[in-house]
Amino acid sequence: MASIAERLDQMEASIKKPLFRQTRGKANEVNYWVFDYDPEDELAVRERIECLKNKNLKGTDGFELVVYDLYDLIIDHLQKKNFMGKCYAQEQKHGIKKVQDAIKHTLKITDKENLIVQHITENTPENAVVFLVGIGKCFPLLQAPEVFNKILYNMPQAFASVPMVLFYPGTYTEQELIIFNEYPEDNYYRAFRLVR
């Protein structure tokens, strides 16, 4: 089994290939990938992503690397709406499930006007590779099935050629996701596994 450093090296080499940015998804939809990793390697993954982002600023890769932290997007939205205090009160009074439902509602996760989709489409250049990070920090407020089924599938058709990589702290088998290698998230996924 390859070390996390070796897998991250392979991932970096893969995204730099022009063919990676021309490939389309399995059903000719949004081109999305999963890079799964042991949750214990979270800090190494974060460090490498930051390093890649800084190297990409030099403009030598032929694309722009855009990193979206899903947790930060959620918190930014809640703060702009002054909902943080309401979330804390709601959790104390009714539990995390009510907070989860309220956050999904305010972000319009199940709607075509999904606010995360809007943010990504408005802030991503045409010639880009998108990294989606922070799904572990979001759990259980936002889970990988929602990223696949409610966010990636709602991307405008213009984004079909923009590769998006979900960094997943857990196991992805191309049919099952297990967050933190403990909690199965059910649903079938049509995403490629970026590096084995």
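Since the structure is predicted, the reported quantities are computational estimates derived from the model, not experimental observations.

### As for the packing of helix α1 (residues 4-16) against helix α3 (residues 42-56)
- Orientation of α1 relative to α3, taken along the N-to-C sense of each, is 30°, at an axis distance of 11 Å. In terms of orientation, α1 lies roughly parallel with respect to α3. For α1 against α3, the interelement crossing comes out right-handed. Between α1 and α3, the contacting residues are I4, A5, L8, D9, M11, E12 and K16 on the first element and A44, V45, R48, L52 and K55 on the second.
- Looking at side-chain class alone, the contact of α1 with α3 contains seven nonpolar, no polar and five charged residues.

### As for the pattern of salt bridges
- Taken as a whole, this structure holds nine salt bridges when the rule is applied.
- The residue D9 makes a salt bridge to R48 at a minimum N-O spacing of 2.9 Å. Of this pair, D9 sits in helix α1 while R48 sits in helix α3; the two residues are 39 residues apart in sequence, bridging distant segments of the chain.
- Taking relative accessible area as the criterion, D9 reaches 41% and is therefore assigned partly exposed.
- Given a relative accessible area of 18%, R48 falls into the buried group.
- Taken together, the salt bridges that share partners define one network made up of D9, E12, K16, R48, K55 and D61.

### Section: helix α4 (residues 70-80)
- Every buried residue of α4 is accounted for by L70, L73, I74, I75, H77 and L78.
- Capping the start of α4 is the job of one residue whose side-chain oxygen sits 2.9 Å from the backbone nitrogen of Y71: D69.

### A few points about the pairing of strand β1 (residues 32-37)
- For β1, a buried count of six out of six residues is recorded, marking the element as mostly surrounded by other parts of the structure.
- The sheet contact formed by β1 and strand β4 (residues 164-172) spans six bridges and is parallel. Pairing of Y32 across the sheet is with M164, part of β4.

How each quantity is defined
- Residue numbers run consecutively from 1 along every chain, following the written order of its sequence.
- Where totals are concerned, whole chains, interfaces and linings use all residues; where local detail is concerned, this predicted model gives features only for residues with pLDDT of at least 70, and gives and counts side-chain atom pairs only at 80 or more.
- Calculation of side-chain values draws on the structure's entire complement of heavy atoms; hydrogens and water are dropped beforehand.
- Simply put, an axis is a line fit to the C-alpha atoms, just over the touching stretch for a helix, and the angle between two N-to-C directions goes from 0 to 180 degrees.
- Secondary structure follows DSSP: runs of H or I at least 4 residues long count as helices, runs of E at least 2 residues long count as strands, and numbering of each begins at the N terminus.
- Any angle between 65 and 115 degrees counts as roughly perpendicular, while under 35 counts as roughly parallel, over 145 as roughly antiparallel, and the rest as oblique.
- Handedness of each helix crossing follows the sense of rotation of the near helix against the far helix: counterclockwise by less than a right angle gives left-handed, clockwise gives right-handed.
- Two residues form a contact once any of their heavy atoms are found within 4.5 Å.
- Under the convention adopted here, Pro, Cys and the residues Ala, Val, Leu, Ile, Met, Phe, Trp and Tyr are nonpolar, Asp, Glu, Lys and Arg are charged, and Gly plus all remaining residues are polar.
- One side-chain nitrogen of Lys or Arg within 4 Å of one carboxyl oxygen of Asp or Glu is enough to make a salt bridge.
- A 1.4 Å probe rolled over the protein chains alone gives each residue an accessible area, and that area as a share of the maximum for its type sets the label: buried under 20%, exposed over 50%, partly exposed in between.
- Two N or O atoms count as a polar contact when they lie within 3.5 Å, although within protein this holds only if one can serve as hydrogen donor and the other as acceptor, and sequence-adjacent residues are included solely when both atoms are side-chain atoms.
- In this description, strands pair whenever DSSP reports at least two bridges between them.

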